[in-house]
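Residue strings, one per chain:
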Amino acid sequence: MNPEEIKPTDFIREAVAEDLKNGRFKAVRTRLPPEPNGYLHIGHVKAFMIDYLIAKENGGELVLRFDDTNPTKEETEFVEAIEEDARWLGIEWVKVTYASDYFDLLYAWAQKLIMAGKAYVDDQTAEQVTANRGTLTEPGKNSPFRERDVEENMDLLERMKNGEFPNGSRILRAKIDMAHPNINMRDPAMYRILHEHHHRTGDKWKIYPLYDWSHGQNDSMEEITHSLCSLEYENHRPLYEWFLEQLGVFKPRQIEFARLNMNYTVMSKRKLRRLVEENHVSGWDDPRMPTLRALRRRGFTAEAILDFIRKVGVAKNYSISDVSLLEACVRDDLNKNSLRRMAVIRPLKVVIDNYPENQTEEMDAVNNPEDVNTGTRKVPFSKVIYIEQDDFQEVPQPKYYRLFPGNEVRLRYAYFIKCTHVLKDDKGEVIEVHATYDPESKGGNAADGRKVKSTIHWVSANHAQEVEVRMYDRLFTKENPEEGDEGFLGCINPKSLEILKGFVEPSLASAKTGDRFQFERLGYFCVDIESKPEKLVFNLTVNLKDAWAKIEKKNG
RNA sequence: UGGGGCAUGGUGCAACGGCAGCACACCAGCCUUUGGAGCUGUGGAUCUUGGUUCGAGUCCAGGUGCCCCAGCCA
């Protein structure tokens, strides 16, 4: 599926269509404004797709603009990572720009505002500025420096720029209204002094613009028509528009939507960073993380993620999407598109007593029942096989119809077998199951037409390859990890990673990093980046739906 | 208590004054060489109180609940 096939309708698309119809804008240009200070996660995808698709659907353009106004936090490393992740999603842009590309012009615009008496240099300390801002219910107080004349303001700003003053000693502020009910309008800061090296402009600048003074102006300079952002910027829209009106420049339209939240995970950069830095996960690409690199490593496809984003929709409601919808999307994609293989991840040995000692047969197995074009393969069968521990019960629970003493089941693509007896160790654990097979049932159907209730998967002990299987579960045990006293670190799921040694059929020997398969009756798996030909490593992407697990749960 | 925003099944999103619908989840059945997939079906929602209207989830008024804003972060 191509991203452009995803065409939902929503209030933003309606607004854009209206703007085109009534002539407010003649074409559509949107921008993607990531701050290069972290890796992209699934929450970003929603915003990215809104920006990308709305431009695309309207025959417009998307600009990828890195919001690099804070040199203390941003790094080039993230610029590359973000571009790579966005490309993986299939997003296309007409050009890459940086907020820092516009520092010179922006400075000139600030001077323009000073000349118009709309901005001033404030010498108050940060504490004083805060104290004089007022509160939610009380108005603020004017700064004693608010009425400085134009010449002095121009001179001071120039000297701030040249590095004559230490960090924090002065700021440039817009002159609006200290009594405004919207706190963002109480003479917001435009420039702060920061003697910092910038990843692109080096040491040229000693002052850096703040978001409110940079973003809208950059939008205007690039003639962005629709500046789409999350709900928390709704309070900033009056300021966004004020600057543009004072300047008398091209005025884009800002529209806000609810960002993506998901249960059983955390999305904030700060929290994700803690997970990494405190070693709760192995890194930014640990398959349990919600980052795009992690999801990719885990085996999620871009198509599945895009499908999820489409199904989640766009609205202004604060909402928390269900991670099970994401899982449903990836199952849906992988069901249609992944090759089936047999693997046993919790092995139990089965000896077929009446099968010839040194015989091997090659069984025909379907590669993907959802896509006959993928053909078949051969799977070796012999006297000793492994089956899943779950597929045998010495004393069967109600409704359990897999293997148990006296019961007959089908070995997928092989024979019917019937359990005769078991061998146990000192502790009474079943360590070996014995069975007999029906030679007349080769391929999986009995000559006399009798039926079995269950089909189980298997691998031939002598032919199987031992592999590592990493079973993942949700990183947190609580739907909302942020709530409660212990915080998100207090509800990390101790079983979010389980490393198993399993056996896979021989055809998997040549599997390469990134290859995806369905291990029949278990789930979808992806070859990990740490996999080597002599030691294959598979990650669980998502399990198959498990009807038996539900019955078991109901049974208690 | 100032300002801005949002309230529809369990979750997310539709319905633009005219039979409240879709997806995921849930439940039941059919089918099945994956207890997968597929197919069929059931149940379940308009925050509240008034008003306008032949008719209100939608319009109006009041109430309630939740989210955002007092960084020289974005």
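Residues numbered from 1 in each chain as written. Chains lettered and ligands numbered in written order. Predicted model: local features only at pLDDT ≥ 70, side-chain atom pairs only at ≥ 80, totals over all residues. Heavy atoms only, no water.

With respect to the overall build of chain A
Consideration 1: Helix and strand content of chain A: 13 helices and 25 strands.
Consideration 2: Relative to the compact-globule value of 24 Å for 556 residues, chain A shows a C-alpha radius of gyration of 31 Å, a clear excess of over 25%.
Consideration 3: Along the first, second and third principal axes, the C-alpha set of chain A runs to 100 × 50 × 40 Å.
Consideration 4: Residue burial in chain A is summarised as follows: out of 556 residues, 52% are buried.
Consideration 5: Restricting the contact set of chain A to residue pairs at least 6 apart, pairs at least 24 apart contribute 71%.
Consideration 6: Taking the 80 positively charged and 92 negatively charged side chains of chain A as two groups, their mean positions are separated by 3 Å. (Helix = DSSP H or I, 4+ residues; strand = E, 2+ residues; numbered from the N terminus. Rg over C-alpha atoms; globule rule 2.2 N^0.38 Å. Buried < 20%, exposed > 50% of the residue type's maximum accessible area, 1.4 Å probe, protein only. Contact = heavy atoms within 4.5 Å. Lys, Arg positive; Asp, Glu negative; His and termini not counted. Charge placed at Lys NZ, Arg CZ, Asp CG, Glu CD.)

Details of the packing of helix α11 (residues 302–312) against helix α12 (residues 323–337)
Packed helix pairs are specified by the crossing angle of their axes together with the interaxial distance, meaning the distance between the axes.
Consideration 1: Between α11 and α12, the shortest axis-to-axis distance is 8 Å and the interhelical angle comes to 135°. If you check the angle between α11 and α12, you find them oblique. Both α11 and α12 take part in a crossing whose hand is right-handed. Residues E303, A304, D307, F308, K311 and V312 of α11 lie in contact with α12, whose contacting residues are L325, L326, C329, V330 and D333.
Consideration 2: Classifying every residue of the contact of α11 with α12 by side-chain character gives seven nonpolar, no polar and four charged. (Axes fitted to C-alpha atoms, helices over the stretch in contact; angles between N-to-C directions. Parallel < 35°, antiparallel > 145°, perpendicular 65-115°, else oblique. Left-handed = near helix turned anticlockwise from the far one by under 90°. Nonpolar A, V, L, I, M, F, W, Y, C, P; charged D, E, K, R; others polar.)

Thoughts on the confidence of the model for chain A
Consideration 1: For chain A, mean pLDDT is 96; residues scoring 70 or higher make up 99% of the total.
Consideration 2: Contacts for the low-pLDDT stretch residues 1–7, under 50 throughout, to residues beyond four places or in other chains number 16 contacts.
Consideration 3: For this predicted complex, the interface confidence score (ipTM) comes to 0.97, while the overall pTM stands at 0.96. (pLDDT = per-residue confidence, 0-100.)

Structural notes on the pairing of strand β4 (residues 119–122)
Taken residue by residue, a regular strand's side chains alternate between the two faces of the sheet.
Consideration 1: The alternating pattern of β4 places A119 and V121 on one face and Y120 and D122 on the opposite face, and all of these are buried.
Consideration 2: Relative to strand β5 (residues 171–174), β4 runs antiparallel, the two being bridged by four bridges. Within β5, the residue paired with A119 across the bridge is A174. (Pairing = 2+ DSSP bridges.)

Thoughts on a positive patch on the surface
Consideration 1: A grouping of K399, K545, K550 and K554 is seen on the molecular surface, where their side chains present a positively charged patch.
Consideration 2: Here K550 shows up in helix α13 (residues 547–555). (Patch = residues over 30% accessible without salt bridge, like charges linked within 9 Å, V, L, I, M, F, W, Y side chains within 5 Å. Areas by Shrake-Rupley, 256 points an atom, 1.4 Å probe, with all protein chains shown as cover. Salt bridge = Lys/Arg side-chain N within 4 Å of Asp/Glu carboxyl O.)

Some thoughts on the packing of helix α1 (residues 11–21) against helix α2 (residues 42–57)
Consideration 1: Viewed as axis vectors pointing N to C, α1 and α2 meet at an angle of 35°, and their least axial separation amounts to 11 Å. Viewed along their axes, α1 and α2 form a crossing whose handedness is right-handed. Note on element contacts: α2 touches α1 through I50, L53, I54 and E57, opposite I12, R13 and V16.
Consideration 2: For the contact of α1 with α2, the residue count by class is five nonpolar, no polar and two charged.

Details of unusual backbone geometry
Consideration 1: Of note in this structure, K399 is not a glycine but carries a positive phi near 70°.
Consideration 2: Positionally, K399 belongs in the loop between β15 (384–388) and β16 (408–411).
Consideration 3: For K399, a relative accessible area of 62% translates into the label exposed.
Consideration 4: In this model, Y413 sits at a positive phi of 65°, which is unusual for a non-glycine residue.
Consideration 5: Relative to the helices and strands, Y413 resides in the loop between β16 and β17 (416–424).
Consideration 6: By relative accessible area, Y413 is classed as buried at 13%.

With respect to the protein's contact with RNA strand B
Consideration 1: The local shell around RNA strand B holds 65 residues, among which E14, R340, R402, G443 and R521 are the closest.
Consideration 2: Between N335 and RNA strand B, the recorded distance is 3.0 Å, taken from a side-chain N or O atom to a sugar or linking oxygen.
Consideration 3: In the model, a base oxygen of RNA strand B is placed 2.9 Å from a nitrogen or oxygen of the G444 main chain.
Consideration 4: Elements supplying a minimum of two residues to the surface near RNA strand B: α5 (126–131), β6 (189–193), α11, α12 and α13.
Consideration 5: Top contributing element to the surface near RNA strand B by residue count: α13, with five residues.
Consideration 6: For the surface near RNA strand B, a count of residues per class yields 24 nonpolar, 19 polar and 22 charged. (Near = heavy atom within 4 Å. Polar contact = N/O pair within 3.5 Å; in protein donor to acceptor, adjacent residues only side chain to side chain.)

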